[in-house]
Amino acid sequence: MSIARDEGRLDFSGLSDIDARNVQKAIARGDNFQGYIPSEALGFIVRNYLELARLRSLDLAASK
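Below, the structure is looked at part by part. (Residues numbered from 1 in each chain as written. Predicted model: local features only at pLDDT ≥ 70, side-chain atom pairs only at ≥ 80, totals over all residues. Heavy atoms only, no water.)

### Structural notes on the overall build of the protein chain
A count of helical and extended segments in the protein chain gives three helices and zero strands. Scanning the protein chain from its N terminus toward the C terminus, one meets helices and strands in the order α-α-α. Expressed as a percentage of the 64 residues in the protein chain, the buried residues total 30%. Within the protein chain, residue pairs in contact and separated by at least 24 positions form 48% of the contacts whose partners lie at least 6 positions apart. Surface exposure of the protein chain reaches about 4,600 Å², of which carbon and sulfur atoms provide 52%. (Helix = DSSP H or I, 4+ residues; strand = E, 2+ residues; numbered from the N terminus. Buried < 20%, exposed > 50% of the residue type's maximum accessible area, 1.4 Å probe, protein only. Contact = heavy atoms within 4.5 Å. Areas by Shrake-Rupley, 256 points an atom, 1.4 Å probe, with all protein chains shown as cover.)

### Describing the packing of aromatic side chains
Two aromatic rings, taken as a pair, are described by how far apart their centres are and by the angle between their planes. Evaluated as defined, the whole model comprises two aromatic pairs. With centroids separated by 5.4 Å and ring planes inclined at 35°, the aromatic side chains of Phe 12 and Phe 44 adopt a geometry described as tilted. You can see Phe 12 sitting in the loop between helix 1 (3-6) and helix 2 (17-29) and its partner Phe 44 sitting in helix 3 (residues 41-54), a full 32 residues away along the chain. When sorted by exposure, Phe 12 lands in the same class as Phe 44, which is buried. For the ring pair Phe 33 and Phe 44, a centre distance of 5.5 Å and an interplane angle of 70° mean the geometry is edge-to-face. (Phe/Tyr/Trp six-rings, centres within 6.5 Å; stacked < 30°, edge-to-face > 60°.)

### With respect to the side chain of Ser 57
Here Ser 57 shows up in the segment after helix 3. Look past the residues within four positions of Ser 57 in its chain and what remains in contact with it is Ile 27, Phe 33 and Leu 52.

### Considerations on helix 3
Considering bend angle alone, the principal kink of helix 3 is centred on Asn 48 and spans about 80°. Every buried residue belonging to helix 3 is among Ala 41, Phe 44, Ile 45, Asn 48, Glu 51 and Leu 52, and all of these are buried. Backbone geometry just downstream of helix 3 places Arg 56 in the positive-phi region, at approximately 60°. (Bend = angle between axes of the 7 residues up to and from the residue.)

### Looking at the side chain of Asn 48
Locating Asn 48 in the fold gives a position in helix 3. Every residue in contact with Asn 48, bar those within four places of it in the chain, is listed here: Arg 9, Leu 10 and Asp 11.

### Brief notes about the nonpolar core
Judged by nonpolar contacts, the single largest core of 14 residues is most densely connected at Val 23, Phe 33 and Phe 44. Secondary structure elements with two or more residues in this core: helix 2 and helix 3. Ignoring any residue separated from it by four or fewer positions in sequence, one finds Phe 44 in contact with Leu 10, Asp 11, Phe 12, Leu 15, Val 23, Phe 33, Ile 37 and Leu 52. (Core = buried A, V, L, I, M, F, W, Y, C linked by side-chain atoms within 4.5 Å.)

What follows is the structure in structure tokens.
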């Protein structure tokens with residue numbers, strides 16, 4: 001799977017250009033992207049949860 005190609009399916013509306021680039025780079029590295037957009041993270045995840053899940057970019061909540 002090509003992460004760079006697949007990132008084109010994500011909706012970056014509401015993010016500045018620099019924040020969108022930082023999020024793209026973090027996703028491509030497999031890093032946590034939420035720190036780059038703390039005030040917009042929830043909205044970004046809601047808009048993109050299906051694609052983020054497909055890219056395996058969402059952490060699973062640990063159940064105890």
